[in-house]
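Summary of structural features
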Amino acid sequence: MVVTAAVSAVGLAVDDRVLVGAPIWAKPLKFSLSLTAYCLSLAWMLAQLPRGRRVGWWAGTVIALASLVEMVIIVGQAVRGRRSHFNVETPLDAALFGVMGVTIMVLWAATLVLAVLLLRAEVADRASAWAMRAGVFLALAGAAVGFLMTTPRPGQRPDVTGVVGAHGVGVPDGGPAMPLTGWSTTGGDLRIPHFVGMHALQVLPLLVMVLAALAPRFARLADDRVRARLVRLASGAYAAVVLLVLWQALAGRPLLRPDGVMTAAAVAVMAAVMVGGVLALRVAPVAAGDAESGIPASPGVLTDGRDLAGRPDPPDAPAPADGPGREEFTS
């Protein structure tokens, strides 16, 4: 994948050909980078498995080989100046597109095997477990959106147009598009939910890493239960976003021009996330003497006799006195 990304970057710099309204090497570059991130994320998740690594290794190998076949065809078609997706204009183009369809199905099935392994695995850190499981299942949902793209659009006849399927909904591919992403600005675009879903594999584990990095500075985040609640909340919000952008794409609406109902749904999701975040943090055990509680205590000591790092008090340390509010922090 790294090699194909480098080749595609060079092609983008030296080859000024345009295909379906975009630089001909843009698609190979984007696919190379996306599949590289996909494979690296799954490799990291495999390393967290306490059991089933042999099955996971085989599934990962299948994913890597399927990705390689996919990239070889995409790059080869760019060299030929031909579309790689939806192209059935000649027998060779149709055969290559058929092979790509098979490789994607194999990749999806192998990822499902990894999802089942992660679902059954006993991962010590609850936040990491949630991020991996939700990330891989959301990635499967995002990948499944690709199958919707292969559905023939109205007016498409393979023997006339040479094309079956499209990214766009309500508009032809190759029209006005957003910079960098190439997503349609005049109609629906199924690449949006496909992209958002697939990259849950990176976003949710990254959130876990950020929360872990912030834990030494914020006592609430030092509790793995709190981090797990926040990751569950983020996973639910991410799933809602995938559904929203899929709904918008299927309705033929551009990403930046949702209708009133879609906007209201997005606002409702944001409000739910804000409320959920506040609740997730409020139920956290906090240090006695915290500014919010107003209860004085020794700095850095929790009411159950441990310091913020989880170490027990020294033997000669006085036991924390009972008093109003003790149950609030030890429940």
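Look up a bit, the structure's there.
Parameters at a glance
- Residues numbered from 1 in each chain as written.
- Predicted model: local features only at pLDDT ≥ 70, side-chain atom pairs only at ≥ 80, totals over all residues.
- Heavy atoms only, no water.
- Core = buried A, V, L, I, M, F, W, Y, C linked by side-chain atoms within 4.5 Å.
- Buried < 20%, exposed > 50% of the residue type's maximum accessible area, 1.4 Å probe, protein only.
- Helix = DSSP H or I, 4+ residues; strand = E, 2+ residues; numbered from the N terminus.
- Contact = heavy atoms within 4.5 Å.
- Lys, Arg positive; Asp, Glu negative; His and termini not counted.
- Salt bridge = Lys/Arg side-chain N within 4 Å of Asp/Glu carboxyl O.
- Expected span 1.5 Å × (residues − 1).
- Phe/Tyr/Trp six-rings, centres within 6.5 Å; stacked < 30°, edge-to-face > 60°.
- Polar contact = N/O pair within 3.5 Å; in protein donor to acceptor, adjacent residues only side chain to side chain.
- Axes fitted to C-alpha atoms, helices over the stretch in contact; angles between N-to-C directions.
- Parallel < 35°, antiparallel > 145°, perpendicular 65-115°, else oblique.
- Left-handed = near helix turned anticlockwise from the far one by under 90°.
- Nonpolar A, V, L, I, M, F, W, Y, C, P; charged D, E, K, R; others polar.

1. Details of the nonpolar core
By size, the foremost hydrophobic cluster in this structure holds 33 residues, and its most contacted members are Y38, L42, I63, L114 and L201. Looking at this core, the elements with two or more residues in it are α2 (26-47), α3 (53-80), α4 (91-120) and α5 (126-149). At 8 residues, α3 tops the list of elements feeding residues into this core. Setting aside residues no more than four positions away along its own chain, Y38 makes contact with I63, L107, T111, A139, M198, L201 and Q202. One finds A134, I192, A200 and V231 within the second-largest nonpolar core, a separate group that totals 21 residues.

2. Some words on the side chain of E70
Residue position: E70 is located in helix α3. In this structure E70 is buried but unpaired, with K27 as the nearest side chain of opposite charge at 8.8 Å. Once you skip the residues sitting within four places of it in the chain, E70 turns out to touch F31, H85, M100, T103 and I104.

3. Points about α4
A rise of 1.5 Å per residue sets the reference length of α4, with its 30 residues, at 44 Å; its end C-alpha atoms lie 44 Å apart and thus fit the reference within 8%. Looking at the buried residues of α4, the elements they touch are α2, α3 and α5.

4. Section: the packing of aromatic side chains
Across all of its chains, the model carries 3 aromatic pairs by this definition. Judged by centre distance (4.9 Å) and plane angle (85 degrees), the rings of W57 and W58 are edge-to-face. The exposure class assigned to W57 is exposed, which follows from its relative accessible area of 52%. Residue classification places W58 among the partly exposed residues on the basis of a relative accessible area of 48%. Judged by centre distance (5.9 Å) and plane angle (70 degrees), the ring pair of F86 and F97 falls under edge-to-face. Residue F86 is located in the loop between α3 and α4, and its partner F97 is located in helix α4; the two are separated by 11 residues in the primary sequence. Residue F86 shares its accessibility class with F97, and that shared class is buried.

5. Some words on helix α10 (residues 260-282)
Taking 1.5 Å as the rise per residue, α10 with 23 residues should run 33 Å; its terminal C-alpha atoms sit 33 Å apart, in good agreement. The set of residues buried in α10 consists of M262, G276, G277 and A280. Buried-residue contacts for α10 involve α9 (224-250). Here α10 starts with a cap whose side-chain oxygen sits 3.2 Å from the backbone nitrogen of V261, and that cap is D259.

6. Quick look at the packing of α5 against helix α8 (residues 200-214)
Here α5 crosses α8 at 165 degrees, and the two axes come no closer than 8 Å. In this view, α5 runs roughly antiparallel relative to α8, as classed from their interaxial angle. Judged by the twist between their axes, the crossing of α5 over α8 is right-handed. Listed contacts from α8 to A127, S128, A131, A134, G135, V136, L138 and A139 of α5 are A200, L201, L204, P205 and V208. When its residues are assigned to classes, the contact of α5 with α8 shows 11 nonpolar, 2 polar and no charged.

7. Describing the packing of helix α7 (residues 191-198) against α9
Running from N to C, α7 and α9 point in directions that differ by 165 degrees, and their axes come no closer than 8 Å. In terms of orientation, α7 and α9 fall into the roughly antiparallel class. Once α7 is placed against α9, the crossing between them reads as left-handed. Residues I192, P193, V196 and G197 of α7 form the contact with α9, whose own contacting residues are Y238, V241, V242, V245, L246 and A249.

Don't take any of this as a statement about function, it's just geometry.
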